[in-house]
Amino acid sequence: AMFGNLSDRLVEALGNLRAKGKLTPADVDGTVREIRRALLEADVALPVVKDFVTHVRERALSDDVNRALNPAQQVVQIVNDELVRILGGTESRQIAFAKQPPTVIMLVGLQGAGKTTLAGKLAKWFVGQKHSPMLVAADLQRPNAVTQLRIVGDQAGVPVFSPEPGNGVGDPVRVARESMRIARDKQHDIVIVDTAGRLGVDEALMKQAADIKAAVNPDEVFFVIDSMIGQDAVATAKAFHDGVGFTGAVLTKLDADTRGGAALSVAQTTGQPIMFASVGEKLDDFEVFHPDRMASRILNMGDVLTLIEQAQAAFDEAEAREAAEKLAKDQFTLNDFLKQMQQLRRAGNFKKMIGLMPGITKEAKAALDDFDESSLVRIEAIIQSMTPLEREMPKVLNGSRRARIARGSGTSVTEVNNLVKQFDQMSKMMRTMARGAMPGMPGMGPL
Ligand code: GDP
């Protein structure tokens, strides 16, 4: 999924703050450290990361946050705000249309970034808004670039201006200049100029792009960048910014499993907004970029807030403490176990919730991945088929009692045996863990 890993990591970092009545500076520092690591792993540029965590820390430690009813939620909000900020702020910028048509939009970027595909997408999008765009093939470097632009032009239903085939290699600057005249003649109100890219940043490429820019005097220059290029994103963006100059960025291939670094670095390091996102190979796979929506997506905002609420509702602290005390005194019964189980099921999203519990180990989390939530239902059924005595004193469970319970719960004797055994092991294990955390689940395998 888009930013999948980054999302998971941020959600996890924030989830660890749940249910904290007050945040200590240590809580904030811990969370900030995790956020920092998550961003770096997602290939976000270091200066952007530094700036980001500095803001988050400052704001999270402010009095406002600590006075709030739920500090954890405040911190989620702060992280969301900061994501919006580095993605370019709350206002999406509109295209700067020329006072005198045509409005000229020039596309620059490395080879393979997705410029030609984007030209088709933009053209189709403009047609949908009752504009009359024309495409210009000023990429005469790549042998089939012109053909490819013709194909997307056909798909979008817009004309493509290109040098006659067979004339050898044309001069892209002349083609671009010529296209302006044609656009005026044919009354196209938008001209989209596709330019050549190279595999890497080089001077000839920059000069050609700059010359085309001088020839067509564009209203917008969009820097097209492949979101998958990771750490190189910043250097590439800077090179194009200094070498040609651009007015906006377009992120492509956001449909792929990108780490997100480019998206989160480009706006901040160049000071230019991200205008659009390309999310697939088809012409309709195209979106206007909204920093706030993207931030919510990265953060699973709805998810995090819901989880924090659910966790608070489910893990009633007093009950958890009572259960822990019982465990410590060896008074934890299958009845208590059933109660815990029902709480977990009520809360829904069991695995995620466990993942958000404070202090949960990596091993326990890995074990959870194998855990089948439907087995909770069977465990409940088994316990509910027991008499009060059996629940309080599992050692009375002889063969005939177990057979009766299996029949009553629609399970098998083996399942009943497993539950009793696991309960027994677990109570032993829990007794040794003299901690106030939620007892129960982590050590437990599937039935
Ligand atoms: P150009 O060299 O910059 O003109 O790049 P192209 O437009 O030729 O795109 C390079 C490759 O990336 C092509 O195979 C496109 O189909 C593919 N591509 C472009 N945009 C996207 C996108 O948003 N998602 C995916 N999955 N592929 C894309």
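Source: prediction; values computed, not measured.

## Quick word on the overall build of the protein
Part 1 of the argument: Check the secondary structure of the protein and you find 21 helices and eight strands.
Part 2 of the argument: The buried share of the protein, taken over its 447 residues, is 42%.

## Quick word on the UniProt feature "domain: SRP54-type proteins GTP-binding" (unreviewed entry) in the protein
Part 1 of the argument: With numbering aligned to this structure, UniProt lists the feature "domain: SRP54-type proteins GTP-binding" (unreviewed entry) at residues 273-286.
Part 2 of the argument: End C-alpha atoms of residues 273-286 are separated by 16 Å, and the span's content is 0% helix alongside 43% strand.

## A closer look at the packing of helix α1 (residues 4-15) against helix α2 (residues 25-41)
Part 1 of the argument: At a minimum axis separation of 9 Å, α1 and α2 run at an interaxial angle of 175°. If you check the angle between α1 and α2, you find them roughly antiparallel. Between α1 and α2, the contacting residues are Leu-6, Arg-9, Leu-10, Ala-13 and Leu-14 on the first element and Thr-31, Glu-34, Ile-35 and Ala-38 on the second.
Part 2 of the argument: Class assignment for the residues of the contact of α1 with α2 results in six nonpolar, one polar and two charged.

## What to know about the nonpolar core
Part 1 of the argument: One finds Val-136, Ile-192, Val-193, Ile-225 and Ala-249 to be the most contacted residues of the largest nonpolar core, which totals 99 residues.
Part 2 of the argument: Take this core: its biggest share by element is seven residues, from helix α5 (residues 71-86).
Part 3 of the argument: Each of domain 1 (4-91 + 299-303) and domain 2 (103-289) contributes no fewer than three residues to this core.
Part 4 of the argument: Ignoring sequence-local partners within four residues, the contact set of Ile-192 consists of Ile-105, Leu-107, Ala-119, Leu-122, Ala-123, Pro-133, Leu-135 and Val-136.
Part 5 of the argument: If you look at the next biggest cluster of nonpolar residues, it comprises nine residues, including Phe-337, Ile-382, Ile-383 and Leu-419.

## Concerning the site of the ligand
Part 1 of the argument: For the ligand, the set of nearby residues contains 18 residues, the closest of which are Gly-114, Lys-115, Thr-116, Thr-117 and Ser-278.
Part 2 of the argument: No other element matches the three residues that helix α6 (residues 115-128) contributes to the shell around the ligand.
Part 3 of the argument: For the shell around the ligand, the class distribution of residues is three nonpolar, 10 polar and five charged.

## Details of the sheet that holds strand β5 (residues 220-226)
Part 1 of the argument: One open sheet holds the eight strands; their spatial order is β3-β2-β4-β1-β5-β6-β7-β8, and the pairing between them is mixed. Where the open sheet ends on each side, the last strands, each with one partner, are β3 (160-161) and β8 (286-288).
Part 2 of the argument: In this sheet, strand β4 (residues 190-195) lies alongside strand β2 (residues 133-138) in parallel orientation, the contact comprising six bridges. Bridge pairing in β4 links Pro-133 to Ile-190.
Part 3 of the argument: Lying on the sheet, helix α8 (residues 172-185) is in contact with β2, β3 and β4; it crosses β2 at an angle near 165°.
Part 4 of the argument: Across the face of the sheet, helix α9 (residues 203-216) comes into contact with β1 (103-108), β2, β4 and β5 while running at roughly 180° to β1.

## As for the packing of α6 against helix α7 (residues 145-156)
Part 1 of the argument: Between α6 and α7, whose axes approach to 9 Å, the crossing angle comes to 25°. One element, α6, and the other, α7, form an angle in the roughly parallel class. Judged by the twist between their axes, the crossing of α6 over α7 is right-handed. Together, Thr-116, Thr-117, Ala-119, Gly-120, Ala-123, Lys-124 and Val-127 of α6 and Ala-145, Gln-148, Leu-149, Val-152, Gly-153, Gln-155 and Ala-156 of α7 make up the contact between the two elements.
Part 2 of the argument: Looking at side-chain class alone, the contact of α6 with α7 contains seven nonpolar, six polar and one charged residues.

## Regarding the pairing of β5
Part 1 of the argument: A large share of β5 lies buried, amounting to six of its seven residues.
Part 2 of the argument: With four bridges connecting them, β1 and β5 associate as parallel partners. The partner of Met-106 across the bridge, within β5, is Val-221.
Part 3 of the argument: One ladder, built from five bridges, connects β5 with strand β6 (residues 248-252); its direction is parallel. Paired with Asp-226 across the two strands is Thr-252, which belongs to β6.
Part 4 of the argument: Viewed along the sheet, the connection from β5 through helix α10 (residues 232-243) into β6 turns out right-handed.

## Some words on the environment of Leu-338
Part 1 of the argument: Relative to the elements of secondary structure, Leu-338 occurs in helix α15 (residues 334-347).
Part 2 of the argument: Taking the number of C-beta atoms within 10 Å as the measure of exposure, Leu-338 has 17 and is therefore partly exposed.
Part 3 of the argument: Separated by 41 residues in sequence, Leu-338 and Ile-379 have C-alpha atoms that sit 8.2 Å apart.
Part 4 of the argument: Dropping the residues within four chain positions of it, Leu-338 is found in contact with Glu-380 and Ile-383.

## Quick word on the pairing of β6
Part 1 of the argument: β6 sits mainly inside the fold: five of its five residues count as buried.
Part 2 of the argument: A crossover links β6 with its parallel partner strand β7 (residues 274-278), the connecting element being helix α11 (residues 261-270), and its sense is right-handed.

## Observations regarding unusual backbone geometry
Part 1 of the argument: Across the junction of Pro-101 and Pro-102, the peptide omega takes the value 5°, indicating a cis bond.
Part 2 of the argument: The residue Pro-102 is located in the loop between α5 and β1 in this model.
Part 3 of the argument: Here the phi dihedral of Gln-187 falls at roughly 60°; this positive angle occurs in a residue that is not glycine.
Part 4 of the argument: In this fold, Gln-187 is placed in the loop between α8 and β4.
Part 5 of the argument: The exposed category is assigned to Gln-187, around which 10 C-beta atoms lie within 10 Å.
Part 6 of the argument: If you check the backbone angles, Asn-217 has positive phi at about 45° while not being a glycine.
Part 7 of the argument: For Asn-217, the location among the structural elements is in the loop between α9 and β5.

## Brief notes about the confidence of the model for the protein
Part 1 of the argument: Summing up the model confidence of the protein, the mean pLDDT is 82 and the portion of residues at 70 or higher is 79%.
Part 2 of the argument: Of the regions scoring below 50 in pLDDT, residues 434-447 engages in 36 contacts with residues more than four places distant in sequence or in other chains.
Part 3 of the argument: Across the interfaces of the predicted complex, the ipTM metric reaches 0.99, alongside a pTM of 0.70.

Scoring rules and cut-offs
Think of each chain on its own: its residues are numbered from 1, step by step along the sequence as written. Local features in this predicted model are restricted to residues of pLDDT 70 or higher, and side-chain atom pairs are both shown and tallied only at a pLDDT of 80 or more, whereas totals for entire chains, interfaces and linings draw on every residue. Under the scheme used here, helices are H or I runs from DSSP no shorter than 4 residues and strands are E runs no shorter than 2 residues, and both carry numbers assigned from the N terminus. Around each residue's C-beta, the other C-beta atoms within 10 Å are counted; 20 or more make the residue buried, 12 or fewer make it exposed, and counts in between make it partly exposed. All C-beta atoms are placed from the backbone. UniProt positions are given in the numbering used here, feature names are shortened, and annotations may be inferred rather than shown by experiment. Angles here are taken between N-to-C directions and fall from 0 to 180 degrees, while the axes themselves are lines fitted to C-alpha atoms, restricted in helices to the stretch in contact. Orientation categories follow fixed angle ranges, with anything under 35 degrees roughly parallel, anything over 145 roughly antiparallel, 65 to 115 roughly perpendicular, and all other angles oblique. Contact between two residues is assigned whenever their backbone-derived C-beta positions fall within 7 Å. All residues other than Ala, Val, Leu, Ile, Met, Phe, Trp, Tyr, Cys, Pro, Asp, Glu, Lys and Arg, Gly among them, are scored as polar; the first ten of these are nonpolar and the last four charged. By definition, a nonpolar core groups buried Ala, Val, Leu, Ile, Met, Phe, Trp, Tyr and Cys residues that are joined through C-beta atoms within 7 Å. For each domain, the first and last residues come from an automatic or database assignment. We call a residue near a molecule or strand when the C-beta position, derived from backbone atoms, sits within 6 Å of it. Paired strands are those between which DSSP finds at least two bridges. For a crossing to be left-handed, the near helix must be turned anticlockwise from the far one by less than a right angle; the clockwise case is right-handed. Consider the strands pointing away from the viewer: the crossover is right-handed when the path from the first strand over the helix to the second runs clockwise. The pLDDT value tells you how sure the predictor is about a given residue, anywhere from 0 up to 100.

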